[in-house]
Amino acid sequence: MPTTFGGPRVLLRRLREVMAQPTSPQDKLDRIVVLIASNMVAEVCSIYVQRDDKALELFATEGLNREAVHLTTMKAGEGLVGLIAKEAEALALSDAQSHPSFSYRPETGEEIYRSFLGVPILRAGATLGVLVVQNTATRTYTDEEMEALQTVSMVLAELIAQGGMQALAAPGLGAQTRPIHGKGVSLADGVGLGHVVLHEPRVVIKNLIAESPEAEVKRLEAAIGELRKTIDELIARGDVSHGGEHKEVLETFRMFAHDQGWLRRMREAVLSGLTAEAAVERVQSDTRARMLRQTDPYLRERLHDLEDLANRLLHILVGADLTISKDQLPDNAIIVARSMGPAALLDYDRSRLRGLVLEEGGPTSHVAIVARALGIPAVSEIENVTAQVEQGDAIIVDGASGEVQIRPQPDVENVYKEKARLRARRQEQYRKLRDEPAVTRDGQAIDLKLNAGLLVDLPHLEETGANGIGLFRTELQFMVAARMPTTAEQQALYKAALDMVGDKPVTFRTLDIGGDKILPYMRRVEEENPALGWRAIRIGLDRPGLLRAQLRALLRAGAGRELKIMFPMIATVDEFIRARTIVQRELAHIDRHDRDRPSGLSLGVMVEVPSLLFEIDEIAREADFLSVGSNDLMQFLFAADRENRLVADRFDPLSAGALRALKCIADAGHSAQCPVTVCGEMGGRPIEAMALIALGFRSLSMTASSVGPVKAMVLKLDASAAAGYVERLLRDVSGVATLRGALKAFAHDHDVPI
Ligand code: PEP
Ligand code: MG
């Protein structure tokens with residue numbers, strides 16, 4: 001090819017002229033391919049548009065047979081065009097026909113063209129089509145040419161997505177208009193129907209082609225300067241509350257804001273003829289495509305940071321506000337975000353929230369905990385969802401199955417409406433059980449309590465009729481805060497909690513941080529195995545300052561009342577005794593200052609580290625009560641990370657090994673007359689709760705939404721029949737992975753709803 005390549009600047013100017021003409025969209029595309037072909041001195045230029053079924057339809061061509069337009073389609077992944085769309089990556093070949101993916105289409109007459117350059121037409125990370133140029137001669141396309149074609153494809157993307165081009169498309173075409181079904185991971189139960197509110201709204205760029213590239217370079221430089229300034233200010237202020245970001249992220253942002261490669265690519269894009277904002281998006285689009293292909297979680301995270309930064313830059317350039325103001329929040333809002341901190345979720349008006357959809361965040365992430373506390377259906381791991389929705393799109397979240405329906409068809413919507421109605425009816429039935437005591441058919445009273453950690457949890461006590469708070473996770477206050485809560489703030493929360501529950505008991509658990517529970521403002525210790533590392537009571541005993549301050553806050557909040565405190569992750573009796581000594585010292589401190597003590601104080605132990613099973617009689621004698629943390633106990637018992645989806649469900653807590661371990665805790669409690677509760681998730685699932693009652697547990701603590709279903713089960717259960725059944729099962733079982741099937745059969749035969 002001769003070196004008369006005009007560069008994108010000229011081409012972009014011509015494109016703008018074509019776009020301004022009052023012609024049909026097809027006519028515009030037909031002119032555009034001619035323009036591109038002549039500008040790039042290529043014999044062929046074709047535009048393929050991706051349809052609903054992911055097939056790529058030839059929409060316009062210069063050089064190939066015109067009859068093939070709207071006739072030639074490549075299936076998803078088929079041919080070179082399919083490959084480019086699938087990989088979202090450009091491809092340059094000097095001899096296309098020798099490429100294994102080459103797929104010959106006789107109707108196009110392309111057999112005479114040897115070299116091939118194709119780029120994806122991307123918008124917000126989604127592939128809308130493919131733009132191709134071809135030449136008869138065997139030639140190598142330069143990087144410059146590839147860049148130019150990518151820049152042009154970006155303009156095309158906006159035209160296809162936003163302009164009248166969509167009218168051209170086969171019915172339902174366009175990633176942003178068709179219904180999408182996504183399956184991810186459930187974070188919080190419930191069904192929510194509503195409209196998309198993007199947590200970080202995307203900027204829609206209308207002005208893509210620069211009038212004066214020199215002026216655009218200046219705009220870009222100014223925006224970068226402002227971006228750096230805001231980040232520096234945030235870091236200097238130590239203000240970590242801004243959108244839940246913390247210092248480490250800001251430091252990374254600062255590093256990227258000075259990244260020469262990133263800045264250079266944006267400048268080049270501006271010089272090629274784009275406006276400053278279009279240039280940012282052009283580079284961002286590459287980053288997104290790279291991110292989707294990146295499997296290394298660390299690098300993916302960094303690319304996400306870079307994308308966030310580009311977003312900020314876009315907002316500066318377009319002058320849009322980053323956050324949706326509270327009064328702009330529609331009723332029935334379903335928040336869609338890449339990821340989110342717990343504080344950011346709490347910032348939204350609860351009464352308008354109907355659901356949460358995230359690209360990233362596990363079931364034990366802080367935001368998931370808050371979503372459950374607020375009773376908002378939430379789903380995570382919906383890949384690239386932020387790019388697939390527009391502000392205000394209809395969306396449904398099914399927190400039970402982990403599914404989302406974006407822009408659902410009316411029949412799908414009706415199914416979910418019915419599901420929501422059914423749920424509401426079931427909830428109504430559970431509400432009717434609210435004042436009924438949880439007593440089994442054979443007269444065994446079962447104490448049902450709630451797990452909580454935030455004040456928003458506490459109204460559930462009234463709604464469910466639970467007997468108290470069996471587990472108050474005090475770390476949640478620390479996790480949603482922007483900085484370490486002071487002793488006075490802790491005391492205020494504990495007192496508010498005690499005041500809200502009235503005379504029902506609350507069991508406060510001291511800080512269970514470390515492991516997966518990271519405090520953004522605390523220096524992070526790099527550990528190979530954080531779950532087995534420096535966490536919970538281990539930090540409390542090694543750095544008693546923090547524990548002491550918390551105990552002081554608890555003892556003061558509990559002045560004149562019954563107070564229950566328990567310690568997490570106790571692995572030996574000795575650890576409990578040391579923790580108790582710290583409490584005694586704090587009591588002496590209270591006496592010295594003539595303050596009121598709690599009227600009664602019970603000190604308990606979480607049984608969640610297997611070593612304690614072998615000191616269970618001693619700990620049951622020493623502690624005032626025990627509480628089984630089955631989430632951690634199972635993780636350690638089976639050596640299966642509760643966060644790791646590959647192994648988290650591999651072992652069943654209803655297997656013989658797990659049930660025997662649990663039984664030994666129940667038995668030890670009975671012998672020592674030490675009350676025992678189960679406060680892990682297991683106690684909130686009816687069939688598992690049934691097994692626990694059969695093993696001898698009489699107290700269970702769970703999330704609010706579990707109280708109704710568990711109580712319904714209890715009311716139909718004959719505890720002694722179940723105990724006999726489980727005892728026989730455990731005696732006779734051999735080589736069976738789980739007793740779940742047998743327990744289900746028992747429930748079925750005895751009409752126990754599980
Ligand atoms: C548990 O481990 O079962 C528990 C209740 O505590 P957490 O889930 O907070 O670790
Ligand atoms: Mg635990």
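Located above this text is the structure these notes cover.
(A) How the structure looks around the coordination of the magnesium ion (ligand 2). Distances from the magnesium ion (ligand 2) to its protein donors, Glu608 (OE) and Asp632 (OD), fall within 2.1 Å. Pair noted here: Glu608 is in the loop between strand 19 (600-607) and helix 20 (616-622) and Asp632 is in helix 21 (residues 630-637), with a separation of 24 residues, a long-range link. On the accessibility criterion, Asp632 (3% relative accessible area) is buried.

(B) Just the site of ligand 1, in detail. Within the structure, ligand 1 sits among 14 residues, and Arg473, Arg509, Lys517, Asn631 and Arg642 are positioned closest to it. Arg473 is positioned with one of its side-chain polar atoms (N or O) 2.8 Å from an oxygen atom of ligand 1. Coverage of ligand 1 by the protein chains reaches 98% of its 280 Å² of free accessible surface. Elements represented by at least two residues in the shell around ligand 1 include exactly strand 16 (469-473) and helix 21. When residues of the shell around ligand 1 are assigned to their parent elements, the largest contribution, three residues, is made by helix 21. A class-by-class count of the residues in the shell around ligand 1 yields three nonpolar, four polar and seven charged.

(C) Highlighting the packing of aromatic side chains. With the rule as written, the count across this model stands at five aromatic pairs. An aromatic cluster of at least three residues, connected via ring pairs, comprises Phe472, Tyr494 and Phe508. In this structure, Lys564 packs its charged tip against the face of Phe625, placed 5.4 Å from the ring centre.

(D) Representation of the state of the cysteines within the structure. The final tally for this structure, using the stated rule, is zero disulfides. In this model Cys679 remains outside any disulfide bridge; the closest cysteine sulfur is found in Cys674, 14 Å from its own. Judged by its relative accessible area of 1%, Cys679 falls in the buried class.

(E) Here's a closer look at the pairing of strand 2 (residues 56-62). Of all the seven residues making up strand 2, six are buried; the element is thus mostly covered by neighbouring parts of the structure. As defined by bridge partners, strand 1 (residues 44-50) adjoins strand 2 across six bridges and the pair is classed as antiparallel. Across the sheet, residue Ser46 finds its bridge partner in strand 2, namely Thr61. Direction of pairing for strand 2 relative to strand 3 (residues 73-74): antiparallel, over a ladder of two bridges. Bridge pairing links Glu57 to Thr73 in strand 3.

(F) Here's a closer look at unusual backbone geometry. Phi at Asp594 is positive, roughly 55 degrees, even though this residue is not glycine. In this fold, Asp594 is placed in the loop between helix 19 (573-592) and strand 19. Classification of Asp594 as exposed rests on a relative accessible area of 72%. Of note in this structure, Gln673 is not a glycine but carries a positive phi near 55 degrees. Counting through the fold element by element, Gln673 comes out in the loop between helix 22 (656-672) and strand 21 (676-678). Here Gln673 falls in the exposed class, since its relative accessible area comes to 74%.

(G) Spatial organisation of the environment of Gly399. When you line up the elements, Gly399 lands in the loop between strand 13 (394-398) and strand 14 (403-406). C-alpha of Gly399 to C-alpha of Leu313: the two residues are 86 residues apart in sequence and 34 Å apart in space. Leave out the neighbours within four places in its chain, and Gly399 touches Ser186, Ala188, Asp189, Gly190, Pro377, Ala378 and Val379.

Cut-offs applied
Residues numbered from 1 in each chain as written. Chains lettered and ligands numbered in written order. Predicted model: local features only at pLDDT ≥ 70, side-chain atom pairs only at ≥ 80, totals over all residues. Heavy atoms only, no water. Donors = N, O, S within 2.8 Å, 3.2 Å for Na, K, Ca; no water. Helix = DSSP H or I, 4+ residues; strand = E, 2+ residues; numbered from the N terminus. Buried < 20%, exposed > 50% of the residue type's maximum accessible area, 1.4 Å probe, protein only. Near = heavy atom within 4 Å. Polar contact = N/O pair within 3.5 Å; in protein donor to acceptor, adjacent residues only side chain to side chain. Areas by Shrake-Rupley, 256 points an atom, 1.4 Å probe, with all protein chains shown as cover. Nonpolar A, V, L, I, M, F, W, Y, C, P; charged D, E, K, R; others polar. Phe/Tyr/Trp six-rings, centres within 6.5 Å; stacked < 30°, edge-to-face > 60°. Lys NZ or Arg CZ within 6 Å of the ring centre and 35° of its normal. Disulfide = S-S within 2.5 Å. Pairing = 2+ DSSP bridges. Contact = heavy atoms within 4.5 Å.

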